[in-house]
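Read off the chains here:
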Amino acid sequence: MGSRCIIKALLGIGLLTGTLAPPATAALPVITSRGKNYVPLSSMAPYYTMQVSEPARNRVRLQNRWYTLDFETNSRRCRVNGTLMWLNRPTRRISGKWAVEKVDFYQVIDPALRPYAFLAKAGSKMVVLDPGHGGRDNGAVSPRRVFEKLLTLDIAKRVRNRLQTRGITVKLTRESDRALSLSGRCKKAAGWNADVFVSLHADSAGKAKSAKGAGTFVLSLPGCYSTGSYGRGKPPSTAYEGNRFNAANTALGYRIQQNLVKNTGQTDRGVKRARFQVLREAPCPAALVEVAFLSNPKEEAMLIDPAKREQIAHGIADGIAAYLYDVERGREMK
Ligand SMILES: [Zn+2]
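Small disclaimer: the values here were computed from a predicted structure and weren't measured.

What counts, and where the lines are drawn
Residues numbered from 1 in each chain as written. Predicted model: local features only at pLDDT ≥ 70, side-chain atom pairs only at ≥ 80, totals over all residues. Heavy atoms only, no water. Salt bridge = Lys/Arg side-chain N within 4 Å of Asp/Glu carboxyl O. Helix = DSSP H or I, 4+ residues; strand = E, 2+ residues; numbered from the N terminus. Buried < 20%, exposed > 50% of the residue type's maximum accessible area, 1.4 Å probe, protein only. Contact = heavy atoms within 4.5 Å. Polar contact = N/O pair within 3.5 Å; in protein donor to acceptor, adjacent residues only side chain to side chain. Disulfide = S-S within 2.5 Å. Domains from an automatic or database assignment. Buried area = accessible area lost by both parts, 1.4 Å probe. Phe/Tyr/Trp six-rings, centres within 6.5 Å; stacked < 30°, edge-to-face > 60°.

S.K.: I'd like a rundown of the pattern of salt bridges, residues and numbers included.
M.R.: Opposite charge on two side chains permits them to pair, given that their charged atoms come into close proximity. For the coordinates displayed, the defined rule picks out 17 salt bridges. Where Arg-79 meets Asp-268, a salt bridge forms, and the shortest distance between an N and an O atom there is 3.4 Å. Here the residue Arg-79 occupies a position in strand 6 (residues 77–80), and Asp-268 occupies one in strand 14 (residues 268–274), the gap between them amounting to 189 residues. The class of Asp-268 is buried, set by a relative accessible area of 15%. Salt bridges linked by common partners bring Asp-154, Arg-158, Arg-162, Arg-309 and Glu-310 together as one network.

S.K.: Would you mind going over the environment of Arg-255 in detail, with residue names and values included?
M.R.: Looking at the secondary structure, you find Arg-255 in helix 6 (residues 246–264). Sequence separation of Arg-255 and Ser-237 is 18 residues, and the distance between their C-alpha atoms is 27 Å. If sequence neighbours within four positions are ignored, Arg-255 has contacts with Pro-115, Gly-319, Ala-322, Tyr-323 and Asp-326. A polar side-chain atom of Arg-255 sits 2.7 Å from a polar atom in the side chain of Asp-326.

S.K.: With reference to specific residues and values, describe the state of the cysteines.
M.R.: If you walk through the whole model with that rule in mind, you get zero disulfides. Not part of a disulfide, Cys-78 finds its nearest cysteine sulfur in Cys-224, a span of 15 Å. Cysteine Cys-186 is unpaired, with the sulfur of Cys-284 as its nearest cysteine sulfur at 8.5 Å. We classify Cys-186 as buried; its relative accessible area is 3%.

S.K.: A description of the environment of Gly-184 should follow, citing residues and the corresponding values.
M.R.: With respect to the helices and strands, the residue Gly-184 is situated in helix 5 (residues 182–191). A residue is classified by how much of its surface remains accessible, and Gly-184, at 19% relative accessible area, is buried. The spatial distance from the C-alpha of Gly-184 to the C-alpha of Val-278 is 9.3 Å, given a sequence separation of 94 residues.

S.K.: Can you explain the domain arrangement of the chain? Please cite residues and give values.
M.R.: For the chain, the assigned domains read domain 1 (3–113) and domain 2 (126–333). In this complex, domain 1 contributes 22 residues to the contact, which on the side of domain 2 involves 23 residues. At the boundary of domain 1 with domain 2, total buried surface from both sides reaches about 1,900 Å², with 55% on carbon and sulfur atoms. Considering only the side of domain 1, the residues that lose the most area to domain 2 are Trp-86, Asn-88 and Gln-107, jointly responsible for 27% of the buried surface there. Linking domain 1 with domain 2 are 10 residue pairs in polar contact (both at pLDDT 80 or more), by the criterion used here.

S.K.: Describe the packing of aromatic side chains, with residues and values.
M.R.: As enumerated under the stated definition, the model contains six aromatic pairs in all. Between Tyr-47 and Phe-105, the aromatic rings sit 5.5 Å apart at their centres with planes inclined by 80°, giving edge-to-face as the arrangement. In this pair, Tyr-47 sits in helix 2 (residues 41–47) while Phe-105 sits in helix 3 (residues 102–113), placing the two residues 58 residues apart along the sequence. You can call Phe-105 buried: its relative accessible area is 0%. Note on Phe-105 and Tyr-106: the rings are 4.8 Å apart at their centroids and 85° apart in plane angle, and the pair reads as edge-to-face. With a relative accessible area of 24%, Tyr-106 lands in the partly exposed category.

This is the structure we're talking about:
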């Protein structure tokens, strides 16, 4: 057994990873209902060597020493080690068993829990940060006239500094307050052979002042709804450029959201899915972060404070670094 095989064996029994990790090829039994395939939570549990419990009404928990999966029944909300991951479809009772659709297991849960198993071919050399808006396009403007376009640029530079001190190569799609098309941003990233693309934004809910928190978007899956338009019409089946990286998108989004919320203590709005143009056209694994709400007075105050912006940048940089570490682990296991 060579050293690589030993590493593989250790990973297989969880000594290095902190989990019992079966090979990526292991297939779980599915149950079929009305033409759709579901993975029962009771089958997922042995796969991860987890115990199943129902800690509260409408909750199913899968847990081992290291990891916890919390499912809300008849809901798309699922927490992976405490971080909210929106499922494509609700956890349902199928043939007497709580189950998620196969796509949610393979494209959402497993890439978040075992990212290294999906990232053997992913790159880790070049991070491109994309400060949203710019020039004439102010983005959201808060009641105290804080401009999204300036915030995103400030935070992007802070994230860059933090990544560079770790020896990571970073480029920004814009360095100043200037206009740049959405396609232009992705083309720049492609020209630089980006391995990671992260677009930065701040949200606004208009007059709804109570909306708050941080959220991270990754590209919707073909044939699945975007998180915010669940159940409306028929979801498009189109596969975009960005859909070549589905599992890596999930892994990246999860790491960013997990670290952003951990560093700032903000409300966790979760890893969501949308068909934003920069995500559709991204030439590599990509995420779009909505750092906070400019329309919420408390969050506006937070965004005005440079120390808080540094905290946000810290979280995003940690998230990107964690993803790059997952990529390295994926390569070692290959
Ligand atoms: Zn924006």
